Amino acid sequence: MTSRLSRLAVALVATAGATLGVTVANPAPASAAMTICYNTSQAGSYAGTANQAASIWNNATVNLTLSANCGSNLRIYQITGGGSYAVRTSLGNGRVYIDTQQAAQYSPLRIMTHEIGHILGLPDNYNGNCAILMSGGSAGTGCTNPYPSTAEANRVSNLFAGTFSATDRSADIFRDSWPAALAPVS
């Protein structure tokens, strides 16, 4: 609330100054970005994919920065079988599990970016639209888009700015974003 009031005060002063013909230097943002430290020590061959996904989120959003191996707000694990999923313990905190079998069928980067999206407060959106990151596997195996839509990125930015509140900040498990692995063709 204090930072919101500070921003409002700065805006009012700038508006008053402009009205009087006074120029005001553009001040620094009232609050710094929140850093989410992610840990890839258990990510196996998906550590690089996690770094790429973090870069995508860092470039798409404001008010947050994902930073590698500086702590453990977010832990990333490589698993085999059971499907990829995320467990959010609170906004910006939790675990992501990437299933090697699913990642062999779907884009590993799309899976990783999608699952991190859950940790950042986004729910699934099974609409089959490849342009919507949170549509997950409903967009099909041919969809490789790892980028959040503008609306998804804005939602995350607003969550971390305190503009919106996550609907449920308790422990959430996001499963079944990706259809079960297909049986090998004989």
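Quick note: structure is the one above.
Residues numbered from 1 in each chain as written. Predicted model: local features only at pLDDT ≥ 70, side-chain atom pairs only at ≥ 80, totals over all residues. Heavy atoms only, no water.

Visitor: Sorry if this is basic, but what is going on with the overall build of the chain here?
Guide: Along the backbone of the chain there are 5 helices and 6 strands. Walking the chain from its N terminus toward its C terminus, one meets helices and strands in the order α-β-α-β-β-β-β-α-α-α-β. For the chain, the residues scored as buried account for 40% of the 186 residues in total. If you take every contact in the chain between residues at least 6 apart in sequence, the share linking residues at least 24 apart comes to 63%. Element-wise, carbon and sulfur atoms account for 55% of the exposed surface of the chain, whose accessible area totals about 9,400 Å². (Helix = DSSP H or I, 4+ residues; strand = E, 2+ residues; numbered from the N terminus. Buried < 20%, exposed > 50% of the residue type's maximum accessible area, 1.4 Å probe, protein only. Contact = heavy atoms within 4.5 Å. Areas by Shrake-Rupley, 256 points an atom, 1.4 Å probe, with all protein chains shown as cover.)

Visitor: Explanation requested: the packing of aromatic side chains in the structure shown.
Guide: The description of an aromatic ring pair uses the distance of the two centres, along with the angle that the planes make with each other. Inspection of every chain in the model, using the stated rule, returns 2 aromatic pairs. Following the ring pairs from residue to residue traces out a cluster consisting of Y77, Y85 and Y97. (Phe/Tyr/Trp six-rings, centres within 6.5 Å; stacked < 30°, edge-to-face > 60°.)

Visitor: Would you explain the state of the cysteines in this entry?
Guide: One covalent bond between the sulfur atoms of two cysteine residues makes up a disulfide. Evaluated as defined, the whole model comprises 2 disulfides. Covalently, C37 is tied to C70 through a disulfide, its sulfur atoms 2.0 Å apart. The sign of the S-S torsion, about -105°, decides the handedness of the disulfide formed by C37 and C70: left-handed. A residue pair is termed long-range when its members are at least 10 positions apart, and C37 in strand 1 (residues 34-42) and C70 in the loop between strand 2 (64-68) and strand 3 (74-79) qualify at 33 residues. (Disulfide = S-S within 2.5 Å.)

Visitor: Looking at this model, I keep getting lost on helix 2 (residues 47-60). Mind explaining?
Guide: Structural remark: α-helix, 3.6 residues per turn; residues separated by three or four positions point the same way. Given a rise of 1.5 Å per residue, 14 residues ought to cover 20 Å, and the 20 Å separating the end C-alpha atoms of helix 2 matches this to within 8%. Looking only at helix 2, the buried set comprises A47, T49, A50, A53, A54, I56 and W57. The secondary structure elements touched by the buried residues of helix 2 are strand 1, strand 2, strand 3, helix 4 (108-119) and helix 5 (150-161). (Expected span 1.5 Å × (residues − 1).)

Visitor: Please clarify how the nonpolar core should be interpreted in this entry.
Guide: The tendency in soluble globular proteins is for nonpolar side chains to be buried as a group. Counting 32 residues, the largest nonpolar core has L66, L74, I76, V96, M112, I116 and L120 as its most contacted members. Put simply, the parts of the chain that give this core at least two residues each are strand 1, helix 2, strand 2, strand 3, strand 5 (93-99), helix 4 and helix 5. Ranked by residue count, the leading element in this core is helix 2, at 6 residues. Setting aside residues up to four positions removed in sequence, V96 forms contacts with L74, R75, I76, Y77, Y85, A86, M112, E115, I116 and I119. (Core = buried A, V, L, I, M, F, W, Y, C linked by side-chain atoms within 4.5 Å.)

Visitor: Looking at this model, I keep getting lost on the side chain of E152. Mind explaining?
Guide: Structurally, the position occupied by E152 is in helix 5. Put simply, E152 is tucked away with no salt bridge, and the nearest opposite charge, on R110, sits 7.2 Å away. Within the structure, E152 has its side chain in polar contact with the backbone nitrogen of S149 (distance 2.7 Å). Beyond its immediate chain neighbours, meaning those up to four positions away, E152 contacts L122, I132, L133 and M134. (Lys, Arg positive; Asp, Glu negative; His and termini not counted. Salt bridge = Lys/Arg side-chain N within 4 Å of Asp/Glu carboxyl O. Polar contact = N/O pair within 3.5 Å; in protein donor to acceptor, adjacent residues only side chain to side chain.)

Visitor: Help me understand the pairing of strand 1, please; the structure alone is not making it clear to me.
Guide: A regular strand places its side chains so that they alternate between the two faces of the sheet. Sheet topology note: the strand 1/strand 2 ladder contains 5 bridges and is parallel. From the neighbouring strand, I36 faces strand 2, where its bridge partner is L66. For the crossover from strand 1 across helix 2 to strand 2, the handedness is right-handed. (Pairing = 2+ DSSP bridges. Right-handed = clockwise from strand over helix to strand, strands pointing away.)

Visitor: When you look at unusual backbone geometry in this model, what are you seeing that I'm missing?
Guide: Most peptide bonds take the trans form, and the phi angle of most residues other than glycine is negative. Within the chain, N63 stands out as a residue other than glycine whose phi angle is a positive 75°. Along the chain, N63 falls in the loop between helix 2 and strand 2. Residue classification places N63 among the partly exposed positions, given a relative accessible area of 24%. In this structure, N69 takes a positive phi of about 50° despite not being glycine. Structurally, N69 is set in the loop between strand 2 and strand 3.

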